[in-house]
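Examining the three-dimensional arrangement
Each chain, written out:
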2 protein chains.
Amino acid sequence: MRESSSVKTIDRLVEILDCFSSQHPDWSLTELSARLGVPKSSLHRFLLALETHSILRRDPQDRRWRLGYRPLVWGQLAAHHTLRLIARPVMERLAAETGETVLLTVYENFEVVCLEKVDSTHEVRLAMEVGTRRPPHAGASSKILMAYLPETEIQAIIERGLPRLCTNTITDPTELRAELAQIRDRGYAVSREETDVGAWGVATPIWGPRGEVVAALGIAGPLFRLTRGLTQEYVVKCRQAAEQISHILWKNGRGKGGDFGK
Amino acid sequence: MRESSSVKTIDRLVEILDCFSSQHPDWSLTELSARLGVPKSSLHRFLLALETHSILRRDPQDRRWRLGYRPLVWGQLAAHHTLRLIARPVMERLAAETGETVLLTVYENFEVVCLEKVDSTHEVRLAMEVGTRRPPHAGASSKILMAYLPETEIQAIIERGLPRLCTNTITDPTELRAELAQIRDRGYAVSREETDVGAWGVATPIWGPRGEVVAALGIAGPLFRLTRGLTQEYVVKCRQAAEQISHILWKNGRGKGGDFGK
DNA sequence: AACTCAAGTTCCAAATTACGGAACACTGTT
DNA sequence: AACAGTGTTCCGTAATTTGGAACTTGAGTT
């Protein structure tokens, strides 16, 4: 028998969704009814409910049930949470070592979103709250994420315009493309007053299990603390931390949930 | 007010899960209760139920609620279904043009899984059912997927051993690595009797929105129908089809669900 | 150490909600 | 035209969820 909770409807929901797999991605009402041993009428009402929330959808062609788009959204979110969870301790160490603010960001639909941050130990620091969204062309983290997007996406971003946010924001398409090429070449991005007056940043990519960039790890702070040679030191530290996160991500992040859940 | 279905528990579930976002990834019971206007006692029982199914999890540190690993699994599945849906019509055209079986496969946890297939029009044909799993080192589709995995994953596959499935299965690590390098170089894979006697295959990669390989599109059939020069013709056709799928995938596949759902 | 307050947890009677058998509708087939 | 298989609607019944109230826990304060 299946694990059961105190809310039967949820047990049923899980049972139903668990029927959908790569091997058997679509079901008719009768098939599902037989498989689960649930009367067709009950199941039917249930499936309709799932459909109104786009958890399931009925193929217009063959009228069979398939997963809808909502699990996709949830999955995306859960993936971000996993990343956050894994990155957190590494970020804390990096923040302690550098004394500056450490940021974890992802690219999402023409914006760069801050997933996690660990504050600088100093009173004067760069403040970027979790959840903040920024344009993808300004700042080290943004640029590193943009650099590894497919060409068409870069094109689309440029076509939407490159607003000036601060003194050094790159607003010229040609200049930006050159910068991105250099970033891909070097594997890191730096910025000085591209987003905020008196602020600098460095960032390196976090790689996913298939060799794609899934996020950026950045260090940021006020210019007056940035002494000669410190940038390179931070780049190295940042890359090491990012690689560590990448490593954990696909060392045991795949398969049956890893150390996650219960 | 929110869209409601005939099963209230599901409405509530969706309401709850929708609270979790990049901006606000964790909630305490009280916060959620206030946000939703649901009594703490009811909500509490509900959250516990979600926890037993790993839909939510409580952070051991701060005891706040976060998304669990199950949405991750569902999301992965839903993503595969989207891919399937998009690829299907293109695959049908390809099958009609070539008269051979067309396959859509993804790499998953040391195996290659068949997500979708369109049968050859001929009576004598390669049969590979949806859901079939195969080792990742033999056959055109498998090799193309393996070729674009990160180096460590390739290493891991090789370390697990390269069993011989058929006459021409590549079982030597060095030879396989050379083959994979050539595949990356050319952008397509071919095979002759690597998995089944009398069978051939060609395959090309399907690219995702971030420039990573998300799946493989393959054509396969019996050797006796493979006349001189046909391989190259199929490679070209296969690549065109794969690129078309890639294109649709990130032309309108991202953002707010696209044409998917309702 | 005693107190305060907020957050989290348990309990139980009330009633709303989901259940499922049966009857009905729809579609394509022999 | 009868049939068979699938999907849909109805409605009385039964079970599940509900939420107020009381209780526990734990952190912070005097």
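Next up on the list: the overall build of chain A. Tallying secondary structure elements over chain A gives eight helices and eight strands in all. Taking 18 Å as the expected radius of gyration for a compact globule of 262 residues, we find that chain A reaches 23 Å, considerably beyond that expectation. Along the first, second and third principal axes, the C-alpha set of chain A runs to 75 × 40 × 30 Å. For chain A, the proportion of its 262 residues judged to be buried stands at 54%. Residue pairs in contact within chain A that sit at least 24 positions apart in sequence constitute 55% of those at least 6 positions apart.

Residues and elements named next belong to chain B. Those residues of helix H2 (residues 29-36) that fall on the buried side of the exposure criterion are Leu32, Ser33 and Leu36. Projected onto a plane normal to the axis of H2, the buried residues spread over an arc of 100° and lie on a single side. Two residues or fewer past H2, Gly37 is found with a positive phi of approximately 70°.

Regular strands place side chains that alternate from one sheet face to the opposite one. Residues and elements named next belong to chain B. Taken across its eight residues, strand E3 (residues 101-108) has eight buried, putting it largely inside the fold. The sheet contact formed by E3 and strand E8 (residues 213-222) spans five bridges and is antiparallel. Paired with Leu104 across the two strands is Leu217, which belongs to E8. Sheet topology note: the E3/strand E4 (residues 111-118) ladder contains seven bridges and is antiparallel. Looking at the pairing, Val102 lines up with Val118 of E4.

Let us look at the interface of chain B and chain A. The interface of chain B with chain A comprises 71 residues on the first partner and 71 residues on the second. Our count for the chain B to chain A interface comes out at four salt bridges. Residue Arg70(B) is joined to Asp18(A) by a salt bridge in which the shortest nitrogen-to-oxygen separation is 2.6 Å. Here chain B is connected to chain A by five residue pairs in polar contact (both at pLDDT 80 or more). Put simply, the parts of the chain that give the side of chain B that touches chain A at least two residues each are helix H1 (8-19), helix H3 (40-52), strand E2 (65-67), helix H4 (70-98), E3, E4 and helix H6 (151-159) of chain B. Tallying contributions element by element places H4(B) first for the side of chain B that touches chain A, with 13 residues. Tallied by class, the residues present in the side of chain B that touches chain A amount to 31 nonpolar, 21 polar and 19 charged.

Once that is clear, we can look at the domain arrangement of chain A. For chain A, the domain assignment lists domain 1 (8-68) and domain 2 (76-251). The straight-line distance from the C-alpha centre of domain 1 of chain A to that of domain 2 of chain A is 41 Å.

All names here are of chain B. Running from amino to carboxyl end, H1 crosses H2 at an angle of 120°, the nearest separation of the two axes being 11 Å. As the angle between them shows, H1 and H2 are arranged oblique. Crossing hand, H1 versus H2: right-handed. Residues Glu15, Ile16 and Cys19 of H1 lie in contact with H2, whose contacting residues are Leu32, Arg35 and Leu36. Its residues assigned to classes, the contact of H1 with H2 comprises four nonpolar, no polar and two charged.

Surrounding DNA strand C, one finds 17 residues, the nearest of these being Ser41(A), Ser42(A), Lys8(B), Thr30(B) and His44(B). A share of 66% of the atoms of DNA strand C within 4 Å of the protein falls on sugar and phosphate groups. The contact in question runs from a base nitrogen of DNA strand C to an N or O atom on the side chain of Lys40(B), over 3.1 Å. Measuring from a phosphate oxygen of DNA strand C, one finds a side-chain N or O atom of His44(B) at 2.8 Å. Per-class residue counts for the surface near DNA strand C are three nonpolar, eight polar and six charged.

The next point concerns the side chain of Thr82(B). Among the structural elements, Thr82(B) can be located in helix H4. At a separation of 2.8 Å, a polar atom in the side chain of Thr82(B) contacts the main-chain carbonyl oxygen of Ala78(B).

What follows is about the pattern of salt bridges. Under the counting rule described, the total for this entry stands at 44 salt bridges over all chains. When the shortest N-O distance is used, the salt bridge between Arg64(A) and Glu31(A) registers 2.9 Å. Linking Arg64(A) in the loop between strand E1 (56-58) and strand E2 (65-67) with Glu31(A) in helix H2 (residues 29-36), this pair joins segments that are 33 residues apart in sequence. Judged by its relative accessible area of 31%, Glu31(A) falls in the partly exposed class. Note that Glu108(B) is salt-bridged to Arg133(B), the shortest N-O span being 3.4 Å. Separated by 25 residues along the polypeptide, Glu108(B) in strand E3 and Arg133(B) in strand E5 (residues 133-134) bring together distant segments of the chain. By relative accessible area, Glu108(B) is classed as buried at 18%. Taking the relative accessible area as the measure of exposure, Arg133(B) reaches 31% and is therefore partly exposed. Via salt bridges that share partners, Asp26(A), Glu31(A), Asp59(A), Asp62(A), Arg64(A), Arg66(A), Arg84(B), Arg88(B), Glu92(B) and Glu116(B) belong to a single interconnected network.

Turning our eyes to something else, we now look at unusual backbone geometry. Residue and element names in this part refer to chain B. Despite not being glycine, Ser54 has its phi angle at roughly 60°, a positive value. Along the polypeptide, Ser54 turns up in the loop between H3 and strand E1 (56-58). Classification of Ser54 by relative accessible area gives buried; the value is 6%.

Moving on: helix H5 (residues 140-147) of chain B. Extensive coverage of H5(B) is indicated by the burial of eight of its eight residues. Of all the positions in H5(B), only Ala140(B), Ser141(B), Ser142(B), Lys143(B), Ile144(B), Leu145(B), Met146(B) and Ala147(B) are classed as buried.

Conventions and cut-offs
Residues numbered from 1 in each chain as written. Chains lettered and ligands numbered in written order. Predicted model: local features only at pLDDT ≥ 70, side-chain atom pairs only at ≥ 80, totals over all residues. Heavy atoms only, no water. Helix = DSSP H or I, 4+ residues; strand = E, 2+ residues; numbered from the N terminus. Rg over C-alpha atoms; globule rule 2.2 N^0.38 Å. Buried < 20%, exposed > 50% of the residue type's maximum accessible area, 1.4 Å probe, protein only. Contact = heavy atoms within 4.5 Å. Arc of directions from axis to C-beta. Pairing = 2+ DSSP bridges. Salt bridge = Lys/Arg side-chain N within 4 Å of Asp/Glu carboxyl O. Polar contact = N/O pair within 3.5 Å; in protein donor to acceptor, adjacent residues only side chain to side chain. Nonpolar A, V, L, I, M, F, W, Y, C, P; charged D, E, K, R; others polar. Domains from an automatic or database assignment. Axes fitted to C-alpha atoms, helices over the stretch in contact; angles between N-to-C directions. Parallel < 35°, antiparallel > 145°, perpendicular 65-115°, else oblique. Left-handed = near helix turned anticlockwise from the far one by under 90°. Near = heavy atom within 4 Å.

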